Amino acid sequence: MSDEMVLYHMNGSRSTRVLWMHKELQARYGTLPPLRVHVFNPEVFRETKPDWYLAINPNGKVPAFTHGRVVMFDSSAICLYLLQTFDKEGRLAPLHDPDFAALFYQLAFYCSGTVDNLTATSSPIQPVVAEKRPGDDEKNIELNHRAWIEQCGPLLVSILGTSKFMAGDAFTAVDVIAGVNMHYIHRKRGWHDFPALEARSDQVSNDGNIWKQKDKERYECNSPKPSALDTQAP
Ligand SMILES: N[C@@H](CCC(=O)N[C@@H](CS)C(=O)NCC(=O)O)C(=O)O
């Protein structure tokens with residue numbers, strides 16, 4: 001199998017989860033193949049997806065990911081694949097521990113399946129909706145904020161308890177998965193309703209220099225001119 005890994009990415013999107021997980025793994029092992037990043041321009045990508053990309057990801061979203069003959073989509077699923085393939089000693093996700101495994105799997109699916117949608121700009125059914133940025137509609141933002149305050153926020157507080165990091169006293173893959181949600185909740189939407197969650201998210205930013213580095217990192221679009229953008233397969 002070819003070693004090359006490619007991530008199809010949009011700045012400020014959930015594909016950030018994969019970038020961050022790759023960096024955390026690389027920091028711990030130093031032996032991962034490099035990740036080539038193909039960057040889409042959101043203005044163009046939200047309206048229309050090139051055929052070559054739909055052949056890679058018929059779901060038409062970012063992220064998608066290839067590694068040799070592996071082709072897959074969904075941010076948490078790709079993170080799980082990276083962990084299974086490269087975190088052989090469980091340094092980032094100690095999945096041999098059933099308590100950790102249960103928490104991690106539950107949160108990985110819950111975060112990318114439900115919590116992400118509270119701060120999303122696009123729709124899960126983007127190809128069939130006329131409005132391509134429904135998440136930025138004021139009424140939707142208000143409803144999503146209520147869902148955060150009344151449903152998802154309290155649930156995360158009760159699952160995560162009061163530990164220093166998301167899953168205890170050490171930084172783990174849970175901090176990456178849920179940390180992306182926290183980033184969008186606090187920074188993109190400006191919701192500051194659960195101080196315990198925010199304190200932990202700040203803890204990650206303070207201790208986790210990789211997150212800070214990622215935060216500053218903006219990848220250049222592969223083709224900067226919207227008219228010519230992304231028509232070429234990478
Ligand atoms: N559950 C998927 C959701 C992916 C998703 O919705 N991606 C958004 C960006 S955050 C997207 O591709 N939006 C552009 C569009 O739908 O046109 C995941 O976690 O990967």
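Residues numbered from 1 in each chain as written. Predicted model: local features only at pLDDT ≥ 70, side-chain atom pairs only at ≥ 80, totals over all residues.

Colleague: Any chance you could break down the pairing of strand β4 (residues 70-73) for me, citing the residues and the numbers?
Modeller: Where strand β3 (residues 64-67) and β4 come together, 4 bridges link them in antiparallel fashion. Note that in β4 the partner of Phe 65 across the bridge is Met 72. Counting the residues that bridge the hairpin from β3 to β4 gives 2 residues, and of these Gly 68 lies at a positive phi of roughly 60 degrees. (Pairing = 2+ DSSP bridges. Helix = DSSP H or I, 4+ residues; strand = E, 2+ residues; numbered from the N terminus.)

Colleague: Talk me through the pairing of strand β2 (residues 35-39); I want residue IDs and the actual numbers.
Modeller: The two faces of a sheet get side chains in turn, since along a regular strand they alternate between them. As defined by bridge partners, strand β1 (residues 5-9) adjoins β2 across 5 bridges and the pair is classed as parallel. Bridge pairing in β2 links His 9 to Val 39. Taking the sense of rotation as the criterion, the β-α-β connection linking β1, helix α1 (residues 16-29) and β2 turns out right-handed. (Right-handed = clockwise from strand over helix to strand, strands pointing away.)

Colleague: Please set out the sheet that holds β2 residue by residue, giving values where relevant.
Modeller: The strand order β2-β1-β3-β4 describes an open sheet built from 4 strands, whose pairing is mixed. The open sheet has two free edges, formed respectively by β2 and β4, since each of these has just one partner strand. Geometrically, the sheet is characterised by an average inter-axis angle of 15 degrees between neighbouring strands, direction not taken into account. Note that β1 and β3 share 4 bridges and pair antiparallel. The partner of Met 5 across the bridge, within β3, is His 67. (Axes fitted to C-alpha atoms, helices over the stretch in contact; angles between N-to-C directions.)

Colleague: Please set out the nonpolar core residue by residue, giving values where relevant.
Modeller: By size, the foremost hydrophobic cluster in this structure holds 52 residues, and its most contacted members are Met 21, Cys 79, Leu 83, Ala 173, Val 174 and Ile 177. Looking at which element gives the most residues to this core, the answer is helix α7 (residues 173-188), with 9 residues. Summarising the domain contributions, this core has at least three residues from each of domain 1 (5-90 + 218-228) and domain 2 (98-214). Setting aside anything within four residues of it in sequence, one finds Leu 83 in contact with Leu 92, Ala 93 and Ala 173. (Core = buried A, V, L, I, M, F, W, Y, C linked by C-beta atoms within 7 Å. Buried ≥ 20, exposed ≤ 12 C-beta atoms within 10 Å, placed from the backbone. Domains from an automatic or database assignment. Contact = placed C-beta atoms within 7 Å.)

Colleague: How would you explain the packing of α1 against α7 if you had to name every residue and give the values?
Modeller: Look at α1 against α7: their axes get within 9 Å of each other, and the N-to-C directions meet at 155 degrees. As judged from the angle between their axes, α1 and α7 are roughly antiparallel. When the axes of α1 and α7 are compared, the crossing they make is right-handed. Facing Thr 16, Arg 17, Trp 20, Met 21 and Glu 24 of α1, the residues of α7 in contact are Ala 173, Val 176, Ile 177 and Val 180. Counted by class, the contact of α1 with α7 contains 6 nonpolar, 1 polar and 2 charged residues. (Parallel < 35°, antiparallel > 145°, perpendicular 65-115°, else oblique. Left-handed = near helix turned anticlockwise from the far one by under 90°. Nonpolar A, V, L, I, M, F, W, Y, C, P; charged D, E, K, R; others polar.)

Colleague: Would you mind going over the site of the ligand in detail, with residue names and values included?
Modeller: For the ligand, the set of nearby residues contains 16 residues, the closest of which are Ser 13, Lys 61, Ser 75, Ser 122 and Gln 126. Class assignment of the residues belonging to the shell around the ligand gives a composition of 5 nonpolar, 6 polar and 5 charged. When we break the shell around the ligand down by domain, the ones giving at least three residues each are domain 1 (5-90 + 218-228) and domain 2 (98-214). (Near = placed C-beta within 6 Å.)

Colleague: Now, about the packing of helix α5 (residues 98-119) against helix α6 (residues 138-160): what can you tell me, with residues and values included?
Modeller: α6 packs onto α5 with a crossing angle of 140 degrees between their chain directions and a minimal axis gap of 8 Å. With respect to α6, the axis of α5 lies oblique. Seen along the crossing, α5 lies across α6 with a hand that is left-handed. On α6, the residues touching Thr 114, Val 115 and Leu 118 of α5 are Asn 144, Ala 147, Trp 148 and Cys 152. Across the contact of α5 with α6, the residue classes tally to 5 nonpolar, 2 polar and no charged.

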